[in-house]
Amino acid sequence: MNKNIFAENILKNKVVFVTGGGTGITGGVARALTEMGAKVSITSRKQENLESMANTIRENGGECFAVAADVRDFAAVENAINKTIEQFGKIDIVVNGAAGNFLCEAKELSSNGFGTVVDIDTKGTFNVCRAAFEELKKNQGQILNISATLHYLGTPMQIHVSAAKAGVDAITRNLAVEWGKYGIRVNGIAPGPIEDTEGMKRLLPEQLKEKLAKKIPLQRFGKINDIENAAVFLCSDAANYINGVTLVVDGGQWLSANTFM
Ligand code: COA
């Protein structure tokens, strides 16, 4: 599908390191980038969670390397980055998609539960950016952070994720400023509710789906493909002067929260 929108091979010769690249939105992004000619290295905590996506990409004719690492563990991240460089010779783009999520009211959430999600999403994003810095500097590379819109307003049962993603957005802006001089662009994507994901299946009760979809200005939930297209655009030369932006891809959903009609 992406192939009908973008010119062929616009990411040819690029090597992309994708965390959380085994499943869901970020898995789709990893696959889509290979369809544009990139080689990808995908990572998540468990090797077995990576194999299926790695096989899909290879069957599709793409090149994929799968290496397990917990993004909370800096040494493990460094190892995964080094192994990727051994495999493909370099890294041009980092996509930070590894995330943890569950529904829990603040008054029920433990300190460790809050900290666990912040560690995965926020510290994990920092760890990967930090560990990839020299490589990205060498290649005038770029970073794409997968965020959310939850923290734009107050989203019940999501205090931990909201705080974590607000931190991710801060990292996007901060590194855009600090690392722009090295030729590194740093951007983000904030997906709204995306229907074909594990997160949506787990987090949104089935009976609320139709009602909620009608409240979205574009009258539908997003699809992983909507995020893939935004990612391909931001990773391509078409976005060469875009730096420090978190692109909201949500059909106008978060803006419509005050719409009561
Ligand atoms: N509700 C409340 N607290 C929860 C929770 C839930 N559903 N799930 C985890 N926690 C708390 C745990 O109770 C624990 O805190 P405690 O020690 O005070 O009890 C803390 O979070 C760490 O949990 P643990 O399961 O040991 O951490 P982990 O590092 O193995 O996994 C997650 C953390 C977030 C990845 C895990 O909850 C998970 O697997 N979530 C589903 C998968 C996922 O998030 N995918 C991403 C989709 S966007």
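Preceding this section is the structure that the text describes.
Our subject in this report is the structure included herewith. If you're wondering where the values come from, they're calculated on a predicted model, not measured in any experiment.

**Quick word on the packing of helix H1 (residues 24–35) against helix H2 (residues 48–59)**
Then, number 1: Look at H1 against H2: their axes get within 10 Å of each other, and the N-to-C directions meet at 20°. Classified by the angle between their axes, H1 and H2 sit roughly parallel to one another. As H1 packs across H2, the resulting crossing turns out to be right-handed. Across the interface between the two elements, Gly27, Gly28, Ala30, Arg31 and Thr34 of H1 pack against Met53, Thr56 and Ile57 of H2.
Then, number 2: Tallied by class, residues from the contact of H1 with H2 come to 3 nonpolar, 4 polar and 1 charged.

**Remarks on the nonpolar core**
Then, number 1: Grouped together as the largest cluster of nonpolar side chains are 34 residues, with contacts concentrated most on Val16, Leu33, Val40, Ile42, Val95 and Ile189.
Then, number 2: For this core, the secondary structure elements donating two or more residues are strand E1 (15–19), H1, strand E2 (39–43), H2, strand E3 (64–66), strand E4 (93–96), strand E5 (142–146) and helix H8 (224–235).
Then, number 3: Considering every element that reaches this core, the biggest residue donor is H8, with 7 residues.
Then, number 4: Ignoring any residue separated from it by four or fewer positions in sequence, one finds Val16 in contact with Leu33, Ala38, Lys39, Val40, Ser41, Ile93 and Val95.
Then, number 5: By size, the runner-up hydrophobic cluster in this structure holds 28 residues, among which are Ala76, Ala80, Val128 and Ala131.

**Points about unusual backbone geometry**
Then, number 1: For Asn13, which is not a glycine, the phi torsion comes out positive at approximately 75°.
Then, number 2: Counting through the fold element by element, Asn13 comes out in the segment before E1.
Then, number 3: Under the relative-accessibility criterion, Asn13 is labelled exposed at 54%.
Then, number 4: Despite not being glycine, Gln140 has its phi angle at roughly 50°, a positive value.
Then, number 5: Among the structural elements, Gln140 can be located in the loop between helix H4 (111–139) and E5.
Then, number 6: Judged by relative accessible area, Gln140 falls into the exposed class, the value being 56%.

**So, the sheet that holds E2**
Paired through backbone hydrogen bonds, the strands of a sheet run either parallel or antiparallel to each other.
Then, number 1: One open sheet holds the 7 strands; their spatial order is E3-E2-E1-E4-E5-E6-E7, and the pairing between them is parallel. Each edge of the open sheet is held by one strand with a lone partner, namely E3 and strand E7 (246–249). Here the strands of the sheet are splayed against their neighbours by 20° on average, with no regard to which way each runs.
Then, number 2: Alignment of strand E6 (residues 185–191) against E7, held across 4 bridges, turns out to be parallel. Residue pairing in the sheet places Ala190 in a bridge with Val248 of E7.
Then, number 3: Strand contacts of H2: E2 and E3, with the helix running at about 170° to E3, the strand carrying the most contacts.

**Quick notes on the pattern of salt bridges**
Then, number 1: Enumeration according to the criterion identifies 12 salt bridges in this entry.
Then, number 2: Where Lys223 meets Glu195, a salt bridge forms, and the shortest distance between an N and an O atom there is 2.8 Å. In this pair, Lys223 sits in the loop between helix H7 (209–215) and H8 while Glu195 sits in the loop between E6 and helix H6 (198–203), placing the two residues 28 residues apart along the sequence.
Then, number 3: For Glu195, a relative accessible area of 31% corresponds to the partly exposed category.
Then, number 4: Lys214 is paired through a salt bridge with Glu210; the nearest N and O atoms lie 3.4 Å apart. Here Lys214 and its partner Glu210 are both found in helix H7, 4 residues apart, which amounts to about one turn of the helix.
Then, number 5: Judged by its relative accessible area of 53%, Lys214 falls in the exposed class.
Then, number 6: One salt-bridge network, in which partners are shared between bridges, spans Arg31, Glu35 and Glu228.

Thresholds applied
- Residues numbered from 1 in each chain as written.
- Predicted model: local features only at pLDDT ≥ 70, side-chain atom pairs only at ≥ 80, totals over all residues.
- Heavy atoms only, no water.
- Axes fitted to C-alpha atoms, helices over the stretch in contact; angles between N-to-C directions.
- Helix = DSSP H or I, 4+ residues; strand = E, 2+ residues; numbered from the N terminus.
- Parallel < 35°, antiparallel > 145°, perpendicular 65-115°, else oblique.
- Left-handed = near helix turned anticlockwise from the far one by under 90°.
- Contact = heavy atoms within 4.5 Å.
- Nonpolar A, V, L, I, M, F, W, Y, C, P; charged D, E, K, R; others polar.
- Core = buried A, V, L, I, M, F, W, Y, C linked by side-chain atoms within 4.5 Å.
- Buried < 20%, exposed > 50% of the residue type's maximum accessible area, 1.4 Å probe, protein only.
- Pairing = 2+ DSSP bridges.
- Salt bridge = Lys/Arg side-chain N within 4 Å of Asp/Glu carboxyl O.

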